[in-house]
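This is what each chain is made of:
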Amino acid sequence: MTNYTRLSEESQYRDDLLIRANYFSLAVIAVLIGTLLQASPVVRPLVAMAGVAIAYSFWLATESYKGARDVLNDSMRRTETQFEELSVVEDYDTRSRSQIEKRSLSSYFIGLQMTTTFVWLVLYALLVTEFVYL
């Protein structure tokens, strides 16, 4: 019972980290976009390069938090299977649900970080290409 409580608290902590990190990444993206728009054309590729590095860092952090949380949730499910009276959730049949409804919030966060990294990478490539041809 104590182990289950600890697993639950750690899982909630990982959920909180996941959410906070993604909201923080949105703030950092806003700052980078503002910096990019105000920077001189010579500095813009450097800002975009920083955007790629930062976005990739957030992507790795999101993957790490989700992975740690998933391991904890699996441990909790095993404990719930052993002690059915601990279960506070019901398993629902998701076969009739669409693919969008089956995705978790953490999957969306990972998708957001992946997309952000890709956008910054494309922007960096475009800015470097523009800079080389100047």
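Residues numbered from 1 in each chain as written. Predicted model: local features only at pLDDT ≥ 70, side-chain atom pairs only at ≥ 80, totals over all residues. Heavy atoms only, no water.

**Some details on the overall build of the protein chain**
Thought 1: Counting its secondary structure elements, the protein chain contains four helices and zero strands.
Thought 2: When the helices and strands of the protein chain are placed in sequence order, the string is α-α-α-α.
Thought 3: In the protein chain, buried positions account for 28% of the 134 residues.
Thought 4: With an accessible surface of roughly 9,400 Å², the protein chain has 63% of that area assigned to carbon and sulfur atoms. (Helix = DSSP H or I, 4+ residues; strand = E, 2+ residues; numbered from the N terminus. Buried < 20%, exposed > 50% of the residue type's maximum accessible area, 1.4 Å probe, protein only. Areas by Shrake-Rupley, 256 points an atom, 1.4 Å probe, with all protein chains shown as cover.)

**Some points on the side chain of T116**
Thought 1: Note that T116 resides in helix α4 (residues 105–132).
Thought 2: Judged by its relative accessible area of 12%, T116 falls in the buried class.
Thought 3: In contact with T116, other than residues within four places in its own chain, are I29 and A55. (Contact = heavy atoms within 4.5 Å.)

**Looking at the packing of helix α1 (residues 2–38) against helix α2 (residues 44–82)**
Angle between the axes and distance between the axes: these two values describe a pair of packed helices.
Thought 1: Remark: α1 packs on α2, axes separated minimally by 9 Å, with the N-to-C direction vectors making an angle of 165°. Comparing their axes, α2 and α1 come out roughly antiparallel. For the pair α1 and α2, the crossing hand works out as left-handed.
Thought 2: Residues that form the contact of α1 with α2 fall into these classes: 18 nonpolar, ten polar and seven charged. (Axes fitted to C-alpha atoms, helices over the stretch in contact; angles between N-to-C directions. Parallel < 35°, antiparallel > 145°, perpendicular 65-115°, else oblique. Left-handed = near helix turned anticlockwise from the far one by under 90°. Nonpolar A, V, L, I, M, F, W, Y, C, P; charged D, E, K, R; others polar.)

**Examining the pattern of salt bridges**
If the charged atoms of two oppositely charged side chains come close together, the side chains can form a pair.
Thought 1: Enumeration according to the criterion identifies five salt bridges in this entry.
Thought 2: The salt bridge partner of D70 is K66, with a shortest N-O separation of 2.6 Å. With D70 and K66 both in helix α2 and four residues apart, this pair spans about one turn of that helix.
Thought 3: Look at D70 and you get partly exposed, because its relative accessible area is 24%.
Thought 4: Here the residues in one salt-bridge network are D15, K66, R69 and D70, joined through shared partners. (Salt bridge = Lys/Arg side-chain N within 4 Å of Asp/Glu carboxyl O.)

**Here's the deal with the packing of aromatic side chains**
Thought 1: Tallied over the full model, the rule gives two aromatic pairs.
Thought 2: When the centroid spacing of 5.8 Å and the interplanar angle of 90° are considered together, the rings of Y56 and W59 count as edge-to-face. Linking Y56 with W59, this pair stays in helix α2, spanning three residues, or about one helical turn.
Thought 3: By relative accessible area, which is 42% here, Y56 ends up partly exposed. (Phe/Tyr/Trp six-rings, centres within 6.5 Å; stacked < 30°, edge-to-face > 60°.)

**Section: α4**
Thought 1: Under the 1.5 Å per step criterion, the end-to-end length of α4 is 41 Å for 28 residues, consistent within 8% with the ideal 40 Å.
Thought 2: Turning to α4, its buried residues number three or more, namely S106, S107, F109, I110, Q113, T116, T117, W120 and L127.
Thought 3: On its buried side, α4 packs onto α1 and α2. (Expected span 1.5 Å × (residues − 1).)

**Concerning the environment of T62**
Thought 1: In this fold, T62 is placed in helix α2.
Thought 2: Take T62: its relative accessible area is 0%, and that puts it in the buried class.
Thought 3: Residues T62 and G111 lie 49 residues apart in sequence; the distance between their C-alpha atoms is 9.9 Å.
Thought 4: In this view, T62 contacts L18, N22, F109, I110 and Q113; residues no more than four positions away in its chain are not counted.

None of the figures reported here should be taken as evidence of function without further support.
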